[in-house]
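Structure assessment
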Amino acid sequence: MRLTDAPVVAEIHDGTVALGGRPVLRGIDLTVHKGEVVTLLGANGSGKSTLVRSLLGLVPVVRGEISLFGTPLPRFSDWRRVGFVPQRVSATSGVPASVWEVVASGRLSRRPFLRPLRKADKSAIRDAIAAVGLTDRSGDGCSTLSGGQQQRALIARALAGQPDLFVLDEPTAGVDLQSQQAFADALAALVAQGVTIILVAHELGPMAPLIDRTVVMRDGRIAYDGPPLASAEEADWVDHGHHHRDLQSPMHTDYAPTVASPIDNPSAREQRP
Amino acid sequence: MSLLAHDFVLLALVAALFTGLAAPAVGTYLVQRRLALMGDGIGHIAVTGVALGLLTGAAPTLTAVVVATIGAVVIEVVREKGRTSGDVALAMLFYGGIAGGVLITGLAGQSANILNRYLFGSILTISPSDVWVTAALATVVVVVTVGLSPQLFAVAQDQEFARVAGLNVRFYNVLVAVMAAVTVTVAMRTVGLLLVSALMVVPVATAQQLTRGFRTTLLAAMGLGTVASLSGVATSAYVDVAPGATIVLIALAGFVLAWPVGVLLRRRQRLTEPFAMTPGLARDAEHTVVPEEHEHVHGDDCGHLAVPHGDHVDYVHDGHRHAPHGSHYDEH
């Protein structure tokens, strides 16, 4: 299901990202439409995390344009429409914080400055905690939760802001099966509401049925963009009906041009159908 | 109570009250960011500020606020740019601060003894105008740290999330650094620059032995800090001991009392943590009847640890988990 007529929610055009001077993303073109559930697959270091982080402005692009909800990223300020679940090992810090407090911080973008929580804020927080099945733990400290439960608390935090675009960076890495299921259920409810979801994942598990588009990253480029795949490896032997953009355009030899792999060899390239 | 009638004791108590409220309030955010020693570093840098005041004839409190603020912002920048803790750069900043202070004091023609008043505090010689400055600055610190606590909490908890929530992370980071610098100078006369970090960190460490939430930790730490500083000043008014050191030792005593309680609470919480229920695995699938005889019926007060396990309760004894099942117990 490609909702190409729906409004564009997130777009990156010719995006190039360099970390520490080394290009890690090159020539990325990705357009996500409203209501799409896109999963980014790829090996470690393929750049999938960097891609979503650059979409959110957490990593600057050295070239290319990014826009969110039709507004160029530098001018974008409607952050209440974006919910982010960062990739991390734990939700704890040096001082104890209850599940309620962590989730409540997801409501900040919708709260008036220097004002206590309103009724709507409280019910949104309560609903978000219930959606990930942590209601009975909401007063407990985050450090007493299991890794999977902590990750669920971070998802609830993003849910509490009631975003239109939900960006998740490996939300189920190292999460127990029960939490993965609770989490897939919460995502399914969002999908039903028409929320756009960009999900970076290693393995999909119970979330697989929700996905309607897969993007596979390889070595800082998009290697596959099409109907859902179960894993990144599948992209290698699926005969996908899309064209490689750089077949038409002059080849980018942007680093180490003398060391070309067989795939990057122009003569080998011409022999392909 | 006759000592309380003396003006200098009253002034000291007022100064202690405000310091005791403000220091742990900022300290909570420093501990949350795992920067517990930042207050100590700012204290070292403030020594140079005090010395500059002695050299130029300006009020040492004023010059200390300025230098400590600059130092705190530099520490924040080093931390942000360095991506790691940048501890070597910070250490150089700290020792540069204290060495600069001693050097400039010498240049000002003062003996290093005058620095002692700032290094270890001299709350009983505090003047009414000093108390006003202390009260005003401490009020600013408390209003900012409590009033902006949702924002400051979110930024300290998860910077990336805070950025995507539209918060200006750098602004809040610098704000905490500046508040820490102001607090250090406020507490300079009470507990002294070398001990100020203790008043910022120890009440927080004590509070979090017993608390589960951030807000309760923040408020409890402020309460504990106030109690410690007031009772420290009161003690030193009756017994001839240094007030700053007394305040810090009382705060530490509070921690020593709270710690075993915290250990017990955490141990209890860990033991009664519900056992994970494997979804899709029916109870009958792991149906193993316990062979041994039970002398009593497991129940609410049988003395054995009762741990929730899905829809029932497991009783733990001798390394086994026994769940009641009709007339017998199952091994879970």
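Residues numbered from 1 in each chain as written. Chains lettered and ligands numbered in written order. Predicted model: local features only at pLDDT ≥ 70, side-chain atom pairs only at ≥ 80, totals over all residues.

For the rest of this paragraph, the subject is the overall build of chain A. In terms of helices and strands, chain A carries eight helices and 10 strands. Residue burial in chain A is summarised as follows: out of 273 residues, 43% are buried. Here the contacts in chain A between residues at least 6 apart in sequence split such that 70% fall between residues at least 24 apart. (Helix = DSSP H or I, 4+ residues; strand = E, 2+ residues; numbered from the N terminus. Buried ≥ 20, exposed ≤ 12 C-beta atoms within 10 Å, placed from the backbone. Contact = placed C-beta atoms within 7 Å.)

Another aspect to go through is the overall build of chain B. Helix and strand content of chain B: 12 helices and four strands. For chain B, whose C-alpha radius of gyration is 26 Å, the value lies well above the compact-globule estimate of 20 Å for 332 residues. Along the first, second and third principal axes, the C-alpha atoms of chain B reach 90 × 55 × 30 Å. A buried classification covers 45% of the 332 residues belonging to chain B. Relative to all contacts within chain B whose residues are 6 or more apart in sequence, the contacts with residues 24 or more apart total 70%. (Rg over C-alpha atoms; globule rule 2.2 N^0.38 Å.)

Now for the packing of helix α9 (residues 169–188) of chain B against helix α10 (residues 196–210) of chain B. Residues and elements named next belong to chain B. Close contact between α9 and α10 brings their axes to 8 Å; oriented N to C, the two are set at 115°. For the pair α9 and α10, contact is made by T183, V184, A187 and M188 and by V196, L199 and M200, respectively. Along the lines of polarity and charge, the residues of the contact of α9 with α10 split into six nonpolar, one polar and no charged. (Axes fitted to C-alpha atoms, helices over the stretch in contact; angles between N-to-C directions. Nonpolar A, V, L, I, M, F, W, Y, C, P; charged D, E, K, R; others polar.)

Here we come to the sheet that holds strand β3 (residues 320–325) of chain B. Residues and elements named next belong to chain B. The sheet built from four strands is open, its strands ordered β1-β2-β3-β4 with antiparallel pairing. The open sheet has two free edges, formed respectively by β1 (305–309) and β4 (328–331), since each of these has just one partner strand. With strand direction ignored, the average angle separating the axes of adjacent strands in the sheet is 40°. Sheet analysis places β1 next to strand β2 (residues 312–317), joined by five bridges and oriented antiparallel. Paired with H309 across the strands is H312, a residue of β2. (Pairing = 2+ DSSP bridges.)

Counting residues in each nonpolar core, the largest one holds 158 residues, and the members touching the most others are V103(A), A156(A), A46(B), A180(B) and L199(B). With 14 residues, helix α1 (residues 7–32) of chain B is the single largest residue contributor to this core. Discounting residues that sit within four places of it in the chain, A46(B) has contacts with A64(B), V67(B), A68(B), V184(B), T185(B), M188(B) and L193(B). (Core = buried A, V, L, I, M, F, W, Y, C linked by C-beta atoms within 7 Å.)

In this section: the confidence of the model for chain A. Taken residue by residue, chain A gives an average pLDDT of 80. The fraction at 70 or more is 81%. Note on residues 239–273 of chain A: pLDDT is under 50 here. Beyond four places in sequence and across chains, it has 15 contacts. (pLDDT = per-residue confidence, 0-100.)

Bringing the interface of chain A and chain B into the picture now. With 27 residues of chain A at the contact, the number on the chain B side is 31 residues. Elements represented by at least two residues in the side of chain A that touches chain B include exactly β6 (82–85), α2 (99–104) and α5 (177–192) of chain A. Looking at the side of chain A that touches chain B, its residues break down into 13 nonpolar, 11 polar and three charged.

So, on to the sheet that holds strand β2 (residues 22–33) of chain A. Two orientations exist for strands paired in a sheet by backbone hydrogen bonds: parallel and antiparallel. One open sheet holds the four strands; their spatial order is β2-β1-β4-β5 (chain A), and the pairing between them is antiparallel. With partners counted over all chains shown, the strands left at the sheet margins are β2 and β5 (71–72) of chain A, one partner each.

With that settled, consider unusual backbone geometry. All names here are of chain A. Although it is not a glycine, D14 sits at a positive phi angle of roughly 50°. By the element assignment, D14 lies in strand β1 (residues 8–19). With a phi close to 45°, E170 is a non-glycine residue in the positive phi region. On the secondary structure map, E170 appears in the loop between β7 (165–169) and α5. With 21 C-beta atoms counted inside 10 Å, the residue E170 sits in the buried group.

Turning our attention to the pairing of β1(A). Looking along a regular strand, one sees the side chains alternate between the two faces of the sheet. All names here are of chain A. The sheet contact formed by β1 and β2 spans eight bridges and is antiparallel. From the neighbouring strand, L19 faces β2, where its bridge partner is R22. In this antiparallel pair of consecutive strands, β1 and β2, the connection spans two residues, and G20 shows a positive phi of 60°. Bridge count for β1 against strand β4 (residues 63–68) is five bridges, and the pairing is antiparallel. Directly across from I12, in β4, lies its bridge partner I66.

Our next topic: the confidence of the model for chain B. Residues of chain B with pLDDT of at least 70 account for 93%, and the chain-wide mean is 86. Both scores are given for the predicted complex: the pTM is 0.81, the ipTM 0.78.

Residues and elements named next belong to chain B. It is at 7 Å that the axes of α10 and helix α12 (residues 243–271) come closest, and there the two elements cross at 25°. On the basis of the axis angle, α10 is roughly parallel to α12. Considering how the two elements wind past one another, α10 and α12 form a crossing that is left-handed. Facing α10, whose interface residues are A198, L199, V202, P203, A205, T206, Q209 and L210, α12 presents I247, V248, A251, L252, G254, F255, A258, W259, V261, G262 and L265. The residue makeup of the contact of α10 with α12, split by class, is 15 nonpolar, four polar and no charged. (Parallel < 35°, antiparallel > 145°, perpendicular 65-115°, else oblique. Left-handed = near helix turned anticlockwise from the far one by under 90°.)

Moving on, we come to the environment of G42(A). Residues and elements named next belong to chain A. Positionally, G42 belongs in strand β3 (residues 37–42). Residue G42 is classed as buried on the basis of its C-beta count, with 25 C-beta atoms lying within 10 Å. Spatially, the C-alpha atoms of G42 and M217 are 4.9 Å apart, while their sequence positions differ by 175 residues.

Attention now moves to helix α7 (residues 149–157) of chain B. The element α7(B) is largely enclosed, with a buried count of eight among its nine residues. Of the surrounding elements, those touching the buried residues of α7(B) are α2 of chain A together with α1, α6 (128–147), α8 (159–164), α9 and α11 (214–238) of chain B.

A few words on the environment of G166(B). Along the chain, G166(B) turns up in the loop between α8 and α9. Classification of G166(B) by C-beta neighbours within 10 Å gives partly exposed; the count is 17. Taking C-alpha positions, G166(B) is 40 Å from G100(B), a pair spaced 66 residues apart along the chain. Excluding its chain neighbours within four sequence positions, the residues that come into contact with G166(B) are S77(A), W79(A) and S109(A).

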